[in-house]
Amino acid sequence: MIEGDFVEMNRTSVSNIIQKGGTILKSARSKEFRTPEGRQKAAENLKQQGIDGLIAIGGDGTLAGAAVFYDEHQIPLVGCPGTIDNDLFGTDETIGFDTALNTAIENIDKIRDTADAHDRLFLVEVMGRDAGFIALNSGIGGGAEMVLVPETLSDIKKVKSYIHSLMSEQHRSSIVVVAEGDELGGATRISEELRADEAFAEIDLRVCILGHTQRGGSPTARDRVLACRLGVSAVEALLDGHANVMVGLIDNRIRLTPSRNVYSRKKSINFELLGLTTLLS
Ligand code: F6P
């Protein structure tokens, strides 16, 4: 939008892409769009092209930026929730979350083979800068012994003593899933704390950071269906005259949520699920 680089698309533009990860749009975070001057340029280019509606696909940054853009330039805009983090208010699930989650679980399963074979403790770091949805769900689905998420404050002493008791009393191997944004500092930082503690001297500890493996790959069926439903709903909402809303799926029904609620409210993880991890380990 800022560079005036427009490509007209039609139905064939989206043929044979349903099985692909990433984006054919090549759109990404933009520093310039954060400035009023950048947004002004974008608005002028849109007007010049006769574009009278926008669909913004992305996470909290994209949707917050889209809302500011609407406030400044009143170009009708519908948000579509696409982020692996699943941390958007106004939808039960975001596009990409299920695929990332399944990738994380697949990798945790593989890591468990080494953990079990060599009686090791693994700290597996999954994505989630500010939210623990991937960590919590992959931890439960992957049978992790402990899950650390940014939504709860963990005391490092208690974490150490719990992991130590797991390794010495019940298990000879354990997997701890850590969200990258955990306030204790991610898997590497926590591993340093453990290694510095004499009680862990005999424990064979490894760190595995799953990183961007979670942001790519062929989407799961669940994500494909969600993306199709939300994409069509976003277009319909725009044609129906809605502006400054986000489409979402709540209790399996399409809902529109005002943009200001999307970025001002926080979607909570399920704390009951968090309790399950310790119960099941
Ligand atoms: O916000 C989504 C997210 O996947 C985060 O979980 C992660 O921290 C970040 O994006 C990674 O961004 P980048 O690819 O720019 O490093």
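Residues numbered from 1 in each chain as written. Predicted model: local features only at pLDDT ≥ 70, side-chain atom pairs only at ≥ 80, totals over all residues. Heavy atoms only, no water.

## What about the sheet that holds strand β3 (residues 121-126)?
And step 1. Here we have 4 strands laid out as an open sheet, ordered β4-β5-β3-β6, and parallel in their pairing. Each edge of the sheet is formed by a strand with only one pairing partner; in this case those strands are β4 (146-148) and β6 (205-209). Within the sheet, the average angular offset between the axes of one strand and its neighbour, ignoring direction, is 20°.
And step 2. Judged from the 3 bridges that link them, β4 and strand β5 (residues 174-179) form a sheet pairing that is parallel. Looking across to β5, one finds that L148 is bridged to V178. (Pairing = 2+ DSSP bridges. Helix = DSSP H or I, 4+ residues; strand = E, 2+ residues; numbered from the N terminus. Axes fitted to C-alpha atoms, helices over the stretch in contact; angles between N-to-C directions.)

## What to know about the domain arrangement of the protein
And step 1. With domains assigned, the protein is organised as domain 1 (11-96 + 220-264) and domain 2 (97-216).
And step 2. Relative placement of domain 1 and domain 2: their C-alpha centres are 33 Å apart.
And step 3. Contacts between the two partners involve 13 residues from domain 1 and, on the opposite side, 13 residues from domain 2.
And step 4. For the pair domain 1 and domain 2, the two sides together bury roughly 1,100 Å², of which 51% comes from carbon and sulfur.
And step 5. Remark: the boundary between domain 1 and domain 2 carries 0 salt bridges.
And step 6. Considering only residue class, the side of domain 1 that touches domain 2 consists of 2 nonpolar, 5 polar and 6 charged. (Domains from an automatic or database assignment. Contact = heavy atoms within 4.5 Å. Buried area = accessible area lost by both parts, 1.4 Å probe. Salt bridge = Lys/Arg side-chain N within 4 Å of Asp/Glu carboxyl O. Nonpolar A, V, L, I, M, F, W, Y, C, P; charged D, E, K, R; others polar.)

## Notes on the environment of L210
And step 1. Along the chain, the position of L210 falls in the loop between β6 and α7 (221-239).
And step 2. Judged by its relative accessible area of 7%, L210 is buried.
And step 3. With 47 residues separating them along the chain, L210 and I163 place their C-alpha atoms 21 Å apart.
And step 4. Once residues lying within four places of it in the same chain are set aside, the contact partners of L210 are A104, N107, I111, V124, E125 and V126. (Buried < 20%, exposed > 50% of the residue type's maximum accessible area, 1.4 Å probe, protein only.)

## Notes on a positive patch on the surface
And step 1. Together, R29, R34, R129 and R215 line one region of the surface with positive charge.
And step 2. Along the chain, the position of R29 falls in the segment before α1 (36-48). (Patch = residues over 30% accessible without salt bridge, like charges linked within 9 Å, V, L, I, M, F, W, Y side chains within 5 Å. Areas by Shrake-Rupley, 256 points an atom, 1.4 Å probe, with all protein chains shown as cover. Lys, Arg positive; Asp, Glu negative; His and termini not counted. Charge placed at Lys NZ, Arg CZ, Asp CG, Glu CD.)

## Quick word on the environment of R39
And step 1. Inspection of the secondary structure puts R39 in helix α1.
And step 2. Along the backbone, R39 and S233 are 194 residues apart, and their C-alpha atoms lie at a distance of 26 Å.
And step 3. Not counting residues within four places of it along the chain, the set of residues in contact with R39 comprises E32, F33, R34, V68, F69, E72 and H73.
And step 4. One polar contact links the side chain of R39 to the main-chain carbonyl oxygen of F33, over a distance of 3.0 Å. (Polar contact = N/O pair within 3.5 Å; in protein donor to acceptor, adjacent residues only side chain to side chain.)

## Things to note about the site of the ligand
And step 1. Every residue near the ligand is listed here: R29, I84, D85, M127, G128, R129, E180, H212 and R215.
And step 2. Within the side chain of D85, one N or O atom sits 2.6 Å away from an oxygen atom of the ligand.
And step 3. The separation between an oxygen atom of the ligand and a polar side-chain atom of E180 is 2.4 Å.
And step 4. Expressed as a share of its isolated accessible area of 400 Å², the protein-covered part of the ligand is 77%.
And step 5. Here the shell around the ligand is built from residues that sort into 2 nonpolar, 2 polar and 5 charged.
And step 6. Inspection of the shell around the ligand shows a minimum of three residues originating in each of domain 1 (11-96 + 220-264) and domain 2 (97-216). (Near = heavy atom within 4 Å.)

## Observations concerning the pairing of strand β2 (residues 77-81)
And step 1. By the criterion of burial, β2 is predominantly enclosed, with 5 of the 5 residues buried.
And step 2. Burial along β2 is two-sided: L77, G79 and P81 and V78 and C80, pointing in opposite directions, are all buried.
And step 3. Note that strand β1 (residues 54-58) and β2 share 5 bridges and pair parallel. By the bridge assignment for β2, A56 is matched with G79.
And step 4. Pairing geometry for β2 and strand β7 (residues 245-250), over 2 bridges, is parallel.

## Topic: unusual backbone geometry
And step 1. Phi is positive for K26, which is not a glycine, with a value near 60°.
And step 2. In the Ramachandran plot, N86 falls in the positive-phi region, its phi being about 60° despite a non-glycine side chain.
And step 3. One can find N86 in the loop between β2 and α3 (97-117).

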